[in-house]
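Reading the structure
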Amino acid sequence: MDARMREERLEIGGIPVLIRGETAEKAFVMIHGRDGCKEGCRDFSELAASRGWQTAALDLPGHGERRGERDGLVPWKAVPELETVTHWARCRWKSFALRAVSIGAWLGMLACAEEKLAGALFVSPLLDMAGLIRRMMQRAGVSEERLRREKIIRTATGEELSWLYYEYARQHPASVWRQPCEILLAGRDELTDRGAVEKFATASGARVTVMETGEHWFHTPEQTAFMHRWEERALARLEVLS
């Protein structure tokens, strides 16, 4: 990690944002997953900077500097905030792309449905949130009727099921888009629906790379090294397209 890399910290509509890299005409808006934070952008930002990109990472509701917020990470709050940040990014840079992981990919896609992006790099994207919630319901033995009636159910494993969240997910599926997109998928991912990702890739033309021994969170030295190699190749292809 290069501690000397230029950093700028600011707030966009009350949302903490960390910008890394020298002044450039293009940037990645980086969206973390659950339990992440904007500081998780550091490794990727150095790789992106070597190819002339800045990186702007933000803290989602209830994360990073925003831990303790009452509502937590709910999409009806996160998506409008991301729309605010991407509008700001469009005004600040000539072009911008997304780098998002897990739930951050779904939220970013909803927020950028009408944006013209330079591209997107998604790691373990949750492209079928409604399907994931249904699987959680099945494991917990909770029917749709019961969830509709009780509104919020905390399962024996500590997971919280919300009817409002489920309804939002059903009404806001990840949309198909015709923009450059690279996806890194893990073969041992218990959260991301591989079939949904492959269907999305077929419809949108996204390129999918799979690490069969990987997990939803790329965290071991081997997994992290694989992800960095994927990022390097994806950035190179994006550079050609842009």
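Predicted model only: the values in this text are computed from it and were never measured.

Right, let's get into the nonpolar core. The biggest cluster of nonpolar side chains holds 58 residues, and the ones touching the most others in it are W106, F122 and W177. In terms of residue count, helix α3 (residues 103–111) provides more of this core than any other element does, 7 residues in total. Apart from the residues within four sequence positions on either side, W177 is in contact with L98, M109, C112, L117, A120, F122, F200 and S204. A118, A186, F226 and L238 belong to the second largest nonpolar core, which has 24 residues in total.

Taken together, 8 strands build an open sheet; the order of strands is β1-β2-β4-β3-β5-β6-β9-β10 and the sheet is mixed. Each having just a single partner strand, β1 (7–12) and β10 (207–211) make up the two edges of the open sheet. Averaged over all adjacent pairs, the angle separating strand axes in this sheet is 20°, with direction ignored. When strand β9 (residues 181–186) meets β10, the two strands line up parallel, connected through 5 bridges. Directly across from E182, in β10, lies its bridge partner R207. Most of the contacts of helix α7 (residues 194–204) go to β9, to which it runs at about 160°, and overall it touches β9 and β10.

This next bit is on α7. Turn by turn, an α-helix covers 3.6 residues, leaving residues three or four places apart pointing in a common direction. Restricting attention to buried positions, one finds in α7 the residues A196, V197, F200, A201 and S204. Each buried residue of α7 sits inside an arc of 135° when the element is viewed along its axis, so together they form one side. Residues of α7 that are exposed and point over 90 degrees away from its buried face: K199 and T202. N-cap assignment for α7: the residue whose side-chain oxygen lies 2.9 Å from the backbone N of G195 is D193. With its phi angle positive at about 85°, G205 sits one or two positions after the end of α7.

Rules used in this analysis
- Residues numbered from 1 in each chain as written.
- Predicted model: local features only at pLDDT ≥ 70, side-chain atom pairs only at ≥ 80, totals over all residues.
- Heavy atoms only, no water.
- Core = buried A, V, L, I, M, F, W, Y, C linked by side-chain atoms within 4.5 Å.
- Buried < 20%, exposed > 50% of the residue type's maximum accessible area, 1.4 Å probe, protein only.
- Helix = DSSP H or I, 4+ residues; strand = E, 2+ residues; numbered from the N terminus.
- Contact = heavy atoms within 4.5 Å.
- Pairing = 2+ DSSP bridges.
- Axes fitted to C-alpha atoms, helices over the stretch in contact; angles between N-to-C directions.
- Arc of directions from axis to C-beta.
- Polar contact = N/O pair within 3.5 Å; in protein donor to acceptor, adjacent residues only side chain to side chain.

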